[in-house]
Amino acid sequence: MSYITCKDLAVGYDGRAVASGLNFSIDKGDYLCIVGENGAGKSTLVKTLLGLLKPVSGEIKFGDGLTSRDIGYLPQQTPVQKDFPATVWEVALSGTLPKCGARPFYGRKEKQLAQSQLERLGMWDIRRKCYRHLSGGQQQRVLLARALCATENLLLLDEPVTGLDPVATAQFYQMIQQLNENGVAVIMISHDLRAIDCARHVLHMNHGGSFWGSREEYKNSRYWNIISVEYEKGGGQSAAC
Ligand SMILES: Nc1ncnc2c1ncn2[C@@H]1O[C@H](COP(=O)(O)OP(=O)(O)OP(=O)(O)O)[C@@H](O)[C@H]1O
């Protein structure tokens, strides 16, 4: 059974849909890239998958032991978040909070988990550094470690390469690719079409409808023709996946 199956899903606010007719699923180990024009409802879909909004209509089914609480979420970063006055260690450790239950402190297990995720992403040696003093790429790695502390089943990344330079972007994609090869399922929202080169499936959302299918099917669809022409005009490049 799939981790998530969405059938005729409409998402929105106060009972009014901003996107509808969404049909897609994400399986264990999958890599889904969500693309689409501004305002198409991508972030609204994310909030709905995380259980922060109720579907306007249709259904979201969780399977294979997954619930909306088992999603490791890397949100879009705001300027205030980039300036967060905490150490790398504190930010990563905060990802284990849901595992503490009613306990008001971190136990040995949580600390070991945060250490292993920071080591995995090459951030352990700078654990005492202040998060706000890191480069954009390093900050994203720390947030990734934080998300992995919450779960290793499914990561949901909302525009994770915004503001990163081309080298940091390529390194970030490679890191996600590696995690995916090690069994972590990925949902990545992106305005950067290079992200598609790494994905197995693509969900394209726009105001006139949506497409979901394999990367190959997407690249043969009219949705790809439209978006890639616009992207080339903007000087897009290919990813190194
Ligand atoms: N809290 C809210 N209440 C009502 N409408 C909202 C709210 N947040 C967003 N919207 C509207 O929902 C629509 C979809 O917004 P959303 O942020 O999901 O799009 P998006 O595809 O993520 O856009 P972008 O690519 O620009 O990030 C927009 O018309 C937006 O104005």
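Residues numbered from 1 in each chain as written. Predicted model: local features only at pLDDT ≥ 70, side-chain atom pairs only at ≥ 80, totals over all residues. Heavy atoms only, no water.

Looking at an unreviewed UniProt entry, one finds the protein named Metal ABC transporter ATP-binding protein and attributed to Coprococcus eutactus. Of the comments in the UniProt record for the protein, the one headed Sequence similarities (unreviewed entry) reads "Belongs to the ABC transporter superfamily." (UniProt positions renumbered as here; feature names shortened; annotations may be inferred.)

Chemist: Hey, could you run me through the site of the ligand in this one?
Modeler: Lining the immediate environment of the ligand, one finds Y13, V18, E37, N38, G39, A40, G41, K42, S43, T44, E159 and H191. Separating an oxygen atom of the ligand from a backbone N or O atom of G39 is a distance of 2.9 Å. A distance of 3.1 Å separates an oxygen atom of the ligand from a polar backbone atom of A40. Across the complex, the protein chains shield 57% of the 630 Å² of accessible surface that the ligand would expose by itself. When residues in the shell around the ligand are grouped by element, the largest group, three residues, is from helix α1 (residues 42-49). Looking at the shell around the ligand residue by residue, the classes come out as three nonpolar, six polar and three charged. (Near = heavy atom within 4 Å. Polar contact = N/O pair within 3.5 Å; in protein donor to acceptor, adjacent residues only side chain to side chain. Areas by Shrake-Rupley, 256 points an atom, 1.4 Å probe, with all protein chains shown as cover. Helix = DSSP H or I, 4+ residues; strand = E, 2+ residues; numbered from the N terminus. Nonpolar A, V, L, I, M, F, W, Y, C, P; charged D, E, K, R; others polar.)

Chemist: Whenever I open this one, the packing of aromatic side chains confuses me. Can you help?
Modeler: Counted according to the given criterion, the structure contains four aromatic pairs. Ring geometry for W89 versus W124: centroids 5.8 Å apart, planes at 80°, classification edge-to-face. With W89 in helix α3 (residues 88-94) and W124 in the loop between α5 (108-120) and α6 (136-150), the pair connects residues that are 35 residues apart, well separated along the chain. By relative accessible area, W124 is classed as buried at 19%. An angle of 45° between the planes, with centres 5.9 Å apart, marks the rings of F211 and Y223 as tilted. Here F211, found in strand β9 (residues 209-214), pairs with Y223, found in helix α9 (residues 222-233); they are 12 residues apart in sequence, far enough to count as distant. On the accessibility criterion, F211 (16% relative accessible area) is buried. Through pairs of rings, three or more aromatic residues link up here, namely F211, Y218, Y223 and W224. The ring centre of W124 lies 3.9 Å from the NZ or CZ of R127, which sits over that ring. The side chain of R222 reaches across the aromatic face of Y223, ending 4.6 Å from its centre. (Phe/Tyr/Trp six-rings, centres within 6.5 Å; stacked < 30°, edge-to-face > 60°. Buried < 20%, exposed > 50% of the residue type's maximum accessible area, 1.4 Å probe, protein only. Lys NZ or Arg CZ within 6 Å of the ring centre and 35° of its normal.)

Chemist: Can you help me understand the sheet that holds strand β2 (residues 16-26) in this one?
Modeler: Strands sit in the order β2-β1-β4 across an open sheet of three strands; the sheet is antiparallel. Every other strand in the sheet has two partners, leaving β2 and β4 (57-62) as the edge strands with one partner each. Taking each pair of neighbouring strands and ignoring which way they run, the sheet shows an average axis angle of 30°. Across five bridges, the pairing between strand β1 (residues 4-13) and β4 is antiparallel. Considered in β4, the bridge of A10 is made with S57. (Pairing = 2+ DSSP bridges. Axes fitted to C-alpha atoms, helices over the stretch in contact; angles between N-to-C directions.)

Chemist: Could you clarify how one ought to interpret the side chain of S190 in this entry?
Modeler: Note on placement: S190 falls in the loop between β7 (185-189) and β8 (201-206). Polar contacts involving the side chain of S190 include one to the main-chain amide nitrogen of D192, which spans 2.9 Å. Excluding anything up to four places from it in sequence, S190 contacts I34, V35, Y173 and A195. (Contact = heavy atoms within 4.5 Å.)

Chemist: How do you make sense of unusual backbone geometry when you look at a structure like this?
Modeler: Glycine aside, residues mostly have negative phi, and peptide bonds are mostly found in the trans state. The phi angle at D14 is positive, at roughly 50°, despite the residue not being glycine. Phi is positive for E159, close to 45°, though the residue is something other than glycine. Among the secondary structure elements, E159 is positioned in the loop between β6 (154-158) and α7 (166-181). On the basis of relative accessible area, E159 is assigned to the buried category, the value being 16%.

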